[in-house]
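A closer look at the structure
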Amino acid sequence: MAEEDALAVALAAARRYIASRGGRPVWPQTTLAHLRETIGRPLPENPVEPAQVVDALARAAEPGLVTTTGPRYFGFVTGGALPATIAAEWLTTSWDQNAGLYVMSPSASVVEETAGRWLIDLLGLRPGCSVGFVTGCHMANFTGLAAGRHELLRRTGWDVEADGMQAAPRLRVIVGEEVHVSTVGSLRLLGFGSRELVRVAVDAQGRMKPDGLAAALGSADGPTIVCAQAGNVNSGAFDPLDAIADLTEARGAWLHVDGAFGIWAAASEHLRHHVRGLDRADSCATDAHKWLNVPYDSGLVFTRHPSAHRAAMSMSAAYLTRSPEEPREPMDWTPESSRRARGFSVYAALASLGRRGVADLVERCCRLARRFADRLRAEPGIEILNEVVLNQVLVRVAPPGGDADAVTREALRLVQEERICWLGGSNWHGMEAMRISVSNWSTTEEDVDRSADSIVRAARAAACSAAL
Ligand SMILES: Cc1ncc(COP(=O)(O)O)c(C=O)c1O
């Protein structure tokens, strides 16, 4: 059967790719022009056999793939794909369920219900929280903040879903100076301009200062949303959630926590102290495609106010049949209607790791991040800019008398050119830095050592050429 042939070709290509992950160069050696030539051919006039299409696609795309699921990819904050999740994704695609309504896929609904319950327990959130399965933390931030907008305006007597934002009572939004850009992007979609946000000072690690928040909260009356974060995208630092929750509760403000990756500290008894107070947040957002190592795309939102969450998201139409048994209707909790059943792979990740496995994964990545920092710090001229409290390491090459920004940029270029590992760049408090994020389930000490050696070589070469 044509379908089976195509699946067999895909399985073989997937197996080849997975087997090569540990050894292949992390960054592809190809060019845009070459990819355009091989992939960007004219639309065929006539149908082509599915197996042939899949084979040609695999061959054309393969040279331009970045080994982001491999053990030495440290760019952005990127998880790998756990074995059970890759297989579950295959099933998800084969089943092709629409996870919008129970009536379209009872299994998708119950899988979300169950995975949601497991996550609430694992992350120490309050029982009864609502959960939404979205594409990523950006949409999770959007959803949590939409629930906050609904609830605060409802308390003033305003129905924002019916009457909109143009004449609504003013809502203030307070963020830390180092708020993640996706929170700002979400707020923009919800009618809050980036210039309207009240920005609170942060400390040297990027953590929101509670006294700054107290002053901002005290400077005006009226309904307020406060956006905190668990896991600064550069340093990995955590805002002091407990102290922040004391302030927001006292003012009746809505506390939203962006915990794209940092929230997973809650799964470890050794790291959980970083997120003390998380359970007091009104809403929080995270990714499964980062530290839980679920394939893209997969984000999660939780709120302590199911009725606000549902009111902000749900829609009805005569044809959108709701089940009389009143099961979980997935589309009540997300901005989308029709939707991939991405709960299956979240469920598979949690079922395959178990509580202990999630904690091990998180703790191992943090241990490896510290190993990275220790090895790099031992090299004269390399500085670690952040306190390595989680899985993030900021590396700067600062040879005596050299232009550290230029040397760091050049060292990063050389690391990427060597293709043993891949890291991105950033600018941390006015300083250029290489940014390491250890988020992959399969990274080992050996991977870290090989990568650290590559970074040291690049740093020496960059410092040397700057000195000439
Ligand atoms: C702190 C933080 N929030 C939000 C996001 C956005 O997540 P996504 O791109 O998965 O939507 C990221 C991504 O790196 C992040 O680090």
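Residues numbered from 1 in each chain as written. Predicted model: local features only at pLDDT ≥ 70, side-chain atom pairs only at ≥ 80, totals over all residues. Heavy atoms only, no water.

Another point: a negative patch on the surface. On the surface, a cluster of negative charge is made up of Glu3, Glu4, Asp5 and Glu49. Relative to the helices and strands, Asp5 is located in helix H1 (residues 2-20). (Patch = residues over 30% accessible without salt bridge, like charges linked within 9 Å, V, L, I, M, F, W, Y side chains within 5 Å. Areas by Shrake-Rupley, 256 points an atom, 1.4 Å probe, with all protein chains shown as cover. Salt bridge = Lys/Arg side-chain N within 4 Å of Asp/Glu carboxyl O. Lys, Arg positive; Asp, Glu negative; His and termini not counted. Charge placed at Lys NZ, Arg CZ, Asp CG, Glu CD. Helix = DSSP H or I, 4+ residues; strand = E, 2+ residues; numbered from the N terminus.)

Now for the packing of aromatic side chains. Following the criterion strictly, the structure yields six aromatic pairs and no others. Summarising the aromatic geometry, the rings of Tyr73 and Trp422 are spaced 5.5 Å apart at their centres and angled 10° between planes, so their arrangement reads as stacked. With a gap of 349 residues between them, Tyr73 in the loop between helix H3 (50-61) and helix H4 (83-95) and Trp422 in the loop between helix H13 (404-418) and strand S10 (424-428) connect regions that are remote in the sequence. Each ring, one from Trp118 and one from Tyr347, has its centre 4.7 Å from the other, and the planes form 25°; the classification is stacked. On the criterion of sequence distance, the pair formed by Trp118 in helix H5 (residues 106-122) and Tyr347 in helix H12 (residues 343-377) is long-range, its members being 229 residues apart. For Trp118, a relative accessible area of 28% translates into the label partly exposed. The structure contains a cluster of three or more aromatic residues connected by ring pairs, namely Trp27, Tyr73, Phe76 and Trp422. (Phe/Tyr/Trp six-rings, centres within 6.5 Å; stacked < 30°, edge-to-face > 60°. Buried < 20%, exposed > 50% of the residue type's maximum accessible area, 1.4 Å probe, protein only.)

Another aspect to go through is the sheet that holds strand S4 (residues 224-229). Taken together, the seven strands give an open sheet; going across it, the order is S1-S7-S6-S5-S4-S2-S3, and neighbouring strands pair in mixed fashion. A single partner strand is all that each edge strand has here, and the edge strands are strand S1 (130-134) and strand S3 (198-200). Across the sheet, the mean angle from the axis of one strand to that of its neighbour is 20°, orientation sign disregarded. Here five bridges tie S4 to strand S5 (residues 254-258), and the two strands are oriented parallel to one another. By the bridge assignment for S5, Ile225 is matched with Trp254. Relative to the sheet, helix H9 (residues 210-218) contacts strand S2 (172-176), S3 and S4, its axis offset from that of S2 by approximately 165°. (Pairing = 2+ DSSP bridges. Axes fitted to C-alpha atoms, helices over the stretch in contact; angles between N-to-C directions. Contact = heavy atoms within 4.5 Å.)

What follows concerns unusual backbone geometry. The omega angle of the peptide bond from Tyr296 to Asp297 is -5°, so this bond is cis rather than trans. Structurally, the position occupied by Asp297 is in the loop between strand S6 (283-287) and strand S7 (299-303). For Phe76, which is not glycine, the phi dihedral falls at a positive 45°. Relative to the elements of secondary structure, Phe76 occurs in the loop between H3 and H4. With a relative accessible area of 52%, Phe76 lands in the exposed category. A positive phi angle, near 55°, is found at Glu326, a position not held by glycine. Mapped onto the fold, Glu326 is located in the loop between helix H11 (306-313) and H12.

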